[in-house]
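Here is what each chain is made of, one letter per residue.
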Amino acid sequence: MSEREPPRNFLEQIVEGHLAQGTHGGRVVTRFPPEPNGYLHIGHAKSICLNFGIAQKYGGVCHLRFDDTNPLAEETEFVESIQDDVRWLGFEWGEHRFFASDYYERLYQLAVGLIEKGLAYVDDQTVEQIRVNRGTLTEPGTPSPWRDRTVAENLALFAGMRAGEFADGSKVLRARIDMAARNILMRDPLMYRIRHAHHHRTGDDWCIYPMYDFAHGLSDAIEDITHSICTLEFENNRELYDWFVEHADVAARPRQYEFARLNLDYTVMSKRKLRQLVEEGHVAGWDDPRMPTVAGMRRRGFTPASLRNFAEMVGVTKANTVIDIGRLEYAIRDDLNHTVSRVMAVVDPLEVVITNYPEGQTETLDCALYPHDHPMHGQPTEGSRPVPFGRTLYIDRSDFAEAAPKGWKRLAPGVEVRLRYAYFVTCHKVIKDADGHVVRLECTYDPETRGGAAPDGRKVKGTLHWVAAHGALPAELRIYDRLFSEPTPGARTGDPLDDLNPESLVVKRGFIEPSVAAHPAGTRYQFERTGYFVSDTTDSKPGALVFNRIVTLRDTWAKLQDKAADAADALPGEATEPSAAPKAQKARPAKRTKAQIRTHNRAADPALEARFQAYQAALGLDEDTADLLAGEADMADLFDAARASYAGDVAGLAKWFVNDLSGALGDRAPAELPTDGAALARVLTLVDEGTVTSRASKDLLEVLLRDGGDPDGLVAALGLEAVADTDALADAIAGVLAKHGAMVERFRGGEQKLFGFFIGQVMQATGGAADPKAVRDLLTAALKG
RNA sequence: AGGGGCGUGGGCAAGUGGUAAGCCACGGGAUUUUGGUUCCCGCUACCGUAGGUUCGAAUCCUACCGCCCCUGCCA
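Source: prediction; values computed, not measured.

(A) Summary view of the pattern of salt bridges. Going through the model one piece at a time under the given rule, you end up with 51 salt bridges. Of the charged contacts, one joins Arg149 and Glu153 as a salt bridge, the two residues approaching to 3.8 Å between their closest N and O atoms. Classification of Arg149 as buried rests on a relative accessible area of 12%. Across the pair Glu246 and Arg253 runs a salt bridge, and its minimum N-O distance is 3.5 Å. According to the relative accessible area criterion, Glu246 is partly exposed, its value standing at 47%. Overlapping salt bridges bring together Asp287, Arg299, Glu476, Arg478, Arg509, Asp536 and Asp539 as one network.

(B) Expanded view of the sheet that holds strand β3 (residues 97–99). Across the sheet, 3 strands lie side by side as β1-β2-β3; this open sheet has parallel pairing. The open sheet has two edge strands with one neighbour each: β1 (29–32) and β3. With direction set aside, neighbouring strand axes in the sheet form an average angle of 35°. Pairing between β1 and strand β2 (residues 61–66): 4 bridges, direction parallel. Paired with Arg31 across the bridge in β2 is His63.

(C) Geometry of the protein's contact with RNA strand B. Taken together, 103 residues surround RNA strand B, and among them Arg195, Arg327, Gly451, Arg529 and Thr556 come closest. Close to the protein, within 4 Å, the atoms of RNA strand B are drawn from sugar and phosphate at a rate of 56%. Here Arg420 contributes a side-chain N or O atom positioned 2.5 Å from a sugar or linking oxygen of RNA strand B. Of the residues that constitute the surface near RNA strand B, the class distribution is 34 nonpolar, 29 polar and 40 charged.

(D) Fine view of helix α3 (residues 76–89). If you check α3, its first and last C-alpha atoms are 20 Å apart, about what 14 residues at 1.5 Å a residue would give, namely 20 Å. Taken together, the buried positions of α3 are Phe78, Val79, Ser81, Ile82, Gln83, Asp85, Val86, Trp88 and Leu89. Check the buried side of α3 and you find it contacts β1, α2 (42–57), β2, β3, α10 (294–300) and α11 (304–314). Immediately downstream of α3, the backbone of Gly90 shows phi near 105°, a positive value.

(E) The pairing of strand β15 (residues 392–396), seen in detail. Taking burial as the measure, the 5 residues of β15 include 4 buried ones, the bulk of the element. Where strand β12 (residues 349–354) lies against β15, 5 bridges are found, and the strand directions are antiparallel. Each bridged residue has a counterpart across the sheet, and for Pro349 the counterpart in β15 is Asp396. Inspection of the sheet shows β15 paired to strand β20 (residues 467–468) by 2 bridges, in the antiparallel sense. The residue of β20 that forms the bridge with Tyr394 is Val467.

Analysis parameters
- Residues numbered from 1 in each chain as written.
- Chains lettered and ligands numbered in written order.
- Predicted model: local features only at pLDDT ≥ 70, side-chain atom pairs only at ≥ 80, totals over all residues.
- Heavy atoms only, no water.
- Salt bridge = Lys/Arg side-chain N within 4 Å of Asp/Glu carboxyl O.
- Buried < 20%, exposed > 50% of the residue type's maximum accessible area, 1.4 Å probe, protein only.
- Pairing = 2+ DSSP bridges.
- Helix = DSSP H or I, 4+ residues; strand = E, 2+ residues; numbered from the N terminus.
- Axes fitted to C-alpha atoms, helices over the stretch in contact; angles between N-to-C directions.
- Near = heavy atom within 4 Å.
- Polar contact = N/O pair within 3.5 Å; in protein donor to acceptor, adjacent residues only side chain to side chain.
- Nonpolar A, V, L, I, M, F, W, Y, C, P; charged D, E, K, R; others polar.
- Expected span 1.5 Å × (residues − 1).
- Contact = heavy atoms within 4.5 Å.

These results come straight from atomic positions and should not be treated as a statement about function.
Written out as structure tokens, the structure reads:
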């Protein structure tokens with residue numbers, strides 16, 4: 001009961017609100033609308049999880065709709081890859097797979113309908129003319145000379161466009177909205193353009209193609225989508241979306257909602273930049289394991305669950321933020337740690353000879369597949385695999401130091417360590433080549449420590465992974481790292497390519513234990529002490545194994561060393577250059593503020609201006625208050641009406657209007673209220689008289705503004721009369737104190753700020769009806785105890 | 001006559017007038033045959049800034065500041 005439910009994101013709250021009110025007849029229909037012109041990336045993955053997730057959660061469905069309205073960019077190949085990716089992520093669209101191109105005929109008819117209503121016209125202007133005449137951010141556009149063609153002419157021309165009578169670019173169909181609209185998208189947006197091009201599905205059936213804004217919302221309407229979720233940059237398009245849905249002949253009323261797209265540091269996400277990486281050969285392809293594409297991450301070894309969890313973890317909001325890529329790494333580690341078997345592999349081999357191990361002898365050790373110190377999700381923690389051991393073996397070069405630094409727990413001359421699951425060994429001799437490079441280590445082992453434990457109870461500080469030379473499988477190990485070395489690629493120079501990480505892929509030749517030979521490509525492992533790896537699904541072959549590093553293990557030792565290195569670097573005391581060049585100050589026109597609107601209103605309405613003056617002169621209100629009250633006639637009317645039946649101090653009424661009423665009003669226009677000034681005045685009077693508390697008056701006001709009615713009657717009906725009766729309050733206080741004994745202790749222990757908590761509790765216990773001042777006094781006494 | 005959005009600890013993010021959730025990162029400690037895992041503890045935020053309303057404001061009002069998006073016959 002007291003279990004904390006995960007907070008719902010704002011979209012889920014909206015959906016729940018609709019469900020509660022039966023807004024869409026209780027239906028939830030979302031859609032994921034990719035354009036089949038490229039590969040999906042992790043940002044799309046978030047959107048997929050959101051759309052399919054909401055449908056799943058609320059018993060709805062999610063359509064997969066390909067937004068294929070531009071024949072020049074789109075290809076069937078991408079349709080396939082997108083479907084693969086969505087399925088791989090774990091979502092199923094069932095029979096709900098659609099294409100915008102399925103609706104071309106219907107859309108055409110809807111366009112004709114708009115023409116017939118005089119709401120669309122054929123424009124003969126050139127691209128350049130259209131652009132110029134659209135105006136700018138601060139200047140209105142100018143109407144096309146073709147804007148007032150007759151319906152009949154438009155109909156004929158549009159039919160001609162469809163029939164292929166005109167060349168590309170010679171004509172377009174435009175919505176006839178408003179060339180002076182403040183939202184540029186509303187300045188007669190294009191609906192259709194001529195493109196004599198082959199479409200991946202409709203072939204050569206069409207030579208006119210609908211534009212996004214026209215096609216998208218109406219496709220939503222055709223499919224009876226209820227919640228059309230897209231990213232923030234489409235916020236400006238919503239007005240147009242609504243316009244088309246409203247004016248075209250469709251019954252459904254889908255609504256668009258926007259959320260912030262996913263941004264990840266140390267990577268790029270735009271299709272353009274990703275394409276550039278591929279086309280210029282900085283990566284091996286769209287499925288290069290360093291790419292943030294779904295295909296790339298799949299090949300890298302990410303799991304669908306890790307991506308879904310990641311999407312859940314980062315949340316859904318409208319704030320434009322950048323996610324720490326460490327969270328993605330956390331998500332995949334957190335999954336694999338609980339699902340994947342352990343195995344030993346040496347990335348950078350250094351030969352070790354156990355000099356006191358009999359020559360020619362070998363043995364097989366039984367090694368656990370899973371750690372037993374945490375639950376493995378959906379898998380047994382039991383199970384083992386045979387691992388050969390012998391006189392010659394390999395350890396990782398990074399596990400040996402000729403001169404051990406402080407804190408070193410690994411192998412060094414004279415130091416004894418454990419070979420995992422095997423024996424304790426001690427290094428006695430370091431063999432080097434002519435250049436002084438270590439080529440081999442000679443160690444002795446303690447036969448008594450077989451399995452890794454010493455009968456005499458002695459401890460070693462370190463445990464190393466290893467692979468015996470006999471039976472070792474050679475393997476190519478692709479050590480992947482972040483594609484970019486800067487959190488915001490391109491921040492310095494403007495070109496992300498300048499920040500490519502030269503070590504995003506390092507290929508190593510190493511060895512792995514033979515047990516993995518039996519597993520299919522695509523199997524994921526934890527290479528103990530090294531990281532999570534997957535055998536590459538396209539390049540790994542029996543006898544020529546290839547593994548991709550998915551992610552490292554957390555590495556506390558490396559972190560300590562980094563810190564030590566940083567500390568050393570810092571010694572010279574050089575202040576780091578503030579390299580960030582001052583941003584070019586963009587000249588932005590100042591926004592028209594609410595204050596300017598009010599001033600503007602008065603300039604246009606002398607009567608309003610007169611009231612503004614009178615409020616100050618006759619009523620003695622300060623300028624700011626008078627400004628707010630006389631900013632629009634409706635508000636001033638309401639205020640004057642209230643004033644006429646209010647006996648108290650006018651300044652108080654004015655303040656109450658400004659601070660309380662306008663907040664409760666929200667977007668509602670004063671003139672549309674189901675109540676009047678007299679009733680409002682009565683509300684404040686009730687507060688003045690002490691009949692209701694100011695707290696309870698908010699509830700009263702809310703009901704009054706919503707339903708209207710008689711304030712006195714409402715007070716009685718809602719039980720809002722102020723409770724100043726000492727006995728009743730004392731009871732309430734005693735109840736609260738008894739219920740929150742621990743809090744009382746804390747308060748008496750010095751947490752003074754909890755006083756507010758107690759007041760709040762008492763206020764709640766009395767439904768907001770308690771007189772706060774009385775509560776304050778009584779509570780002070782009671783808490784002194 | 002520009003318009004549309006967004007600002008809560010290092011990074012995310014709950015919160016919608018009554019004790020500022022949680023996650024990641026970071027720091028400590030315990031356990032450990034992975035410097036992994038797991039488990040504890042810490043991270044003592046006055047909520048962009050400044051005024052105001054209120055017994056009480058991250059939440060309501062006002063002004064200001066900062067950041068993002070929009071002038072494709074792309075989506």
